[in-house]
Amino acid sequence: VQLQASGGGLVQAGGSLRLSCAASGRSVRSYAVAWFRQAPGEERKFVAGIKRAGDNTYYSDSVKGRFTISRDNAKNTLYLQMNSLRPGDTAVYYCAAGPSVILSALASQDAYAFWGQGTLVTVSS
């Protein structure tokens, strides 16, 4: 599967953005999917994910209650709705997909075989 992320940009603190990740080649229903982010000088970190089976969503503590991950099977697209953005959310955001990701590995980037190219989100104070 190929992934194409988009929707990043510059936003003021408190604002919102919606990231999209369009998949091609195979249906996103065939994969566990997730968003990761990498701030300057830091390692890539898990933001949110959805297991392949079912619609249960999982979030890092830093974004819980502010971000929402969703998957539109008809459009073969993954989304990340980001509300109440903070300067600390500034990062390059990556979408990822993996065919066999168990729950305990959902937050591990090593579990994902396919990655989008990243989209930059900058939150100004």
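Residues numbered from 1 in each chain as written. Predicted model: local features only at pLDDT ≥ 70, side-chain atom pairs only at ≥ 80, totals over all residues. Heavy atoms only, no water.

Engineer: Help me understand the nonpolar core in this model?
Structural biologist: By size, the foremost hydrophobic cluster in this structure holds 30 residues, and its most contacted members are Trp35, Val47, Phe67, Ile69, Leu80, Met82 and Tyr93. Looking at this core, the elements with two or more residues in it are β1 (2–6), β3 (17–24), β4 (32–38), β5 (45–50), β7 (67–72), β8 (77–82), β9 (91–98) and β11 (119–124). What Ile69 contacts, discounting residues up to four positions off in sequence, is Val33, Ala34, Trp35, Ala48, Gly49, Ile50, Thr57, Tyr59, Leu78, Tyr79 and Leu80. Counting residues in hydrophobic clusters, the runner-up holds eight residues, among them Ala34, Val101, Leu106 and Tyr112. (Core = buried A, V, L, I, M, F, W, Y, C linked by side-chain atoms within 4.5 Å. Buried < 20%, exposed > 50% of the residue type's maximum accessible area, 1.4 Å probe, protein only. Helix = DSSP H or I, 4+ residues; strand = E, 2+ residues; numbered from the N terminus. Contact = heavy atoms within 4.5 Å.)

Engineer: What exactly am I supposed to notice about the pattern of salt bridges here?
Structural biologist: Pairs can form between side chains of opposite charge whenever their charged atoms are close. Evaluated as defined, the whole model comprises four salt bridges. Between Arg37 and Asp89 there is a salt bridge, with the nearest N and O atoms lying 2.9 Å from each other. Taken as a pair, Arg37 in strand β4 and Asp89 in the loop between β8 and β9 lie far apart in primary sequence, 52 residues in all. Residue classification places Arg37 among the buried positions, given a relative accessible area of 13%. The shortest N-O distance in the salt bridge between Glu42 and Lys45 comes to 3.5 Å. Each of Arg37, Arg66 and Asp89 takes part in salt bridges that share partners, so that together they form one network. (Salt bridge = Lys/Arg side-chain N within 4 Å of Asp/Glu carboxyl O.)

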